[in-house]
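Residue-level listing of the chains:
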Amino acid sequence: MEKKAQSRKSKKPYLEVEEDVEALIARKVPFTELFSKGVRRRTAIAFGFWAVWYVAIYGWLGYEPFLISKSGVALPGGLLFVALSYLAFPISGVTMYFLVEKSQRKYWLALSAFMLVVWFLTVGLGRSPYIIFIGSFLASFFIPFGPGYVYTAEMFPTRMRATGMSWGDGVGHIGGAIAPFITIGAYMLYGTVGAFEVLAIAVFIAGLIILLGPKTTGLALTLASKESKGGDSSAK
């Protein structure tokens, strides 16, 4: 990715070292620094996105066979649908390899989220096994479509990049932990369609949150993750 970005720059070197590398290695970044001025907005975006994203994704991956069976597809058929739909994962990865530098990463993530809304609802509202399979396959395609891990790491300065990425993903798994309760609770209260609607709402919110993030594609990491003095002007 960095080589592709460098090829579009004619004069300035791609890597702009603004920090003492040895000092960075020796220094430990406390958790509280993620909430320092100029970084806390990005931390909030990372925490919020991953928490809501994992509610939707873990709810889908964990209860897809069960919910599909409640939509009228017998459980053996539902399990086959799920197994076949997982073939979309590697296809998605290969596709994103060719597209990831074509636009801002946050836009790819938002597109992934909004397309998941469409396919979650397609599966929930579908009554034809063929429609349900198509929706399931395309949902599986768009789950890994967005470069979420890469984008999260790019948002944070070098000295706290690993800390920001690990805490963002870690806090996000709180959403994964409560996903079963939300999914099954929604099913018990609102039925199969209601459960899919709740998952669709969650992933839609995740898409809105990530659009608040900074633009990073094509920038050196030192520029993409640069702290601002008054918040985060690069988020626009």
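Structural notes, computed from the coordinates. It should be emphasised that the depicted structure is a prediction, and the values quoted were computed from it without experimental measurement. (Residues numbered from 1 in each chain as written. Predicted model: local features only at pLDDT ≥ 70, side-chain atom pairs only at ≥ 80, totals over all residues. Heavy atoms only, no water.)

### So, the environment of I174
Reasoning step 1: Along the chain, the position of I174 falls in helix α9 (residues 161-210).
Reasoning step 2: With relative accessibility at 52%, the residue I174 sits in the exposed group.
Reasoning step 3: For the pair I174 and A51, spaced 123 residues apart in sequence, the C-alpha to C-alpha distance is 6.3 Å. (Helix = DSSP H or I, 4+ residues; strand = E, 2+ residues; numbered from the N terminus. Buried < 20%, exposed > 50% of the residue type's maximum accessible area, 1.4 Å probe, protein only.)

### Observations concerning the side chain of T43
Reasoning step 1: Secondary-structure assignment places T43 in helix α3 (residues 40-70).
Reasoning step 2: For T43, the side chain forms a polar contact with the main-chain oxygen of L34, separated by 2.5 Å.
Reasoning step 3: Excluding anything up to four places from it in sequence, T43 contacts L34, F35 and F156. (Polar contact = N/O pair within 3.5 Å; in protein donor to acceptor, adjacent residues only side chain to side chain. Contact = heavy atoms within 4.5 Å.)

### Here we look at the nonpolar core
Reasoning step 1: Core analysis: the biggest nonpolar cluster contains 52 residues, and F49, W53, W60, L116, F120 and V203 have the highest contact counts within it.
Reasoning step 2: Contributions of two or more residues to this core are made by α3, α4 (75-85), α5 (88-99), α6 (105-125), α7 (129-142) and α9. (Core = buried A, V, L, I, M, F, W, Y, C linked by side-chain atoms within 4.5 Å.)

### Here's the deal with the environment of I210
Reasoning step 1: Mapped onto the fold, I210 is located in helix α9.
Reasoning step 2: Residues I210 and T152, spaced 58 residues apart in sequence, show a C-alpha to C-alpha distance of 9.8 Å.
Reasoning step 3: Once residues lying within four places of it in the same chain are set aside, the contact partners of I210 are I45, F49, K106, L109, A110 and Y151.

### Some words on the packing of aromatic side chains
Reasoning step 1: If you walk through the whole model with that rule in mind, you get 17 aromatic pairs.
Reasoning step 2: Ring centres of F114 and F204 lie 5.4 Å apart, and the angle between their planes is 45 degrees; this geometry places the pair in the tilted category. Pair noted here: F114 is in helix α6 and F204 is in helix α9, with a separation of 90 residues, a long-range link.
Reasoning step 3: Judged by relative accessible area, F204 falls into the partly exposed class, the value being 39%. (Phe/Tyr/Trp six-rings, centres within 6.5 Å; stacked < 30°, edge-to-face > 60°.)

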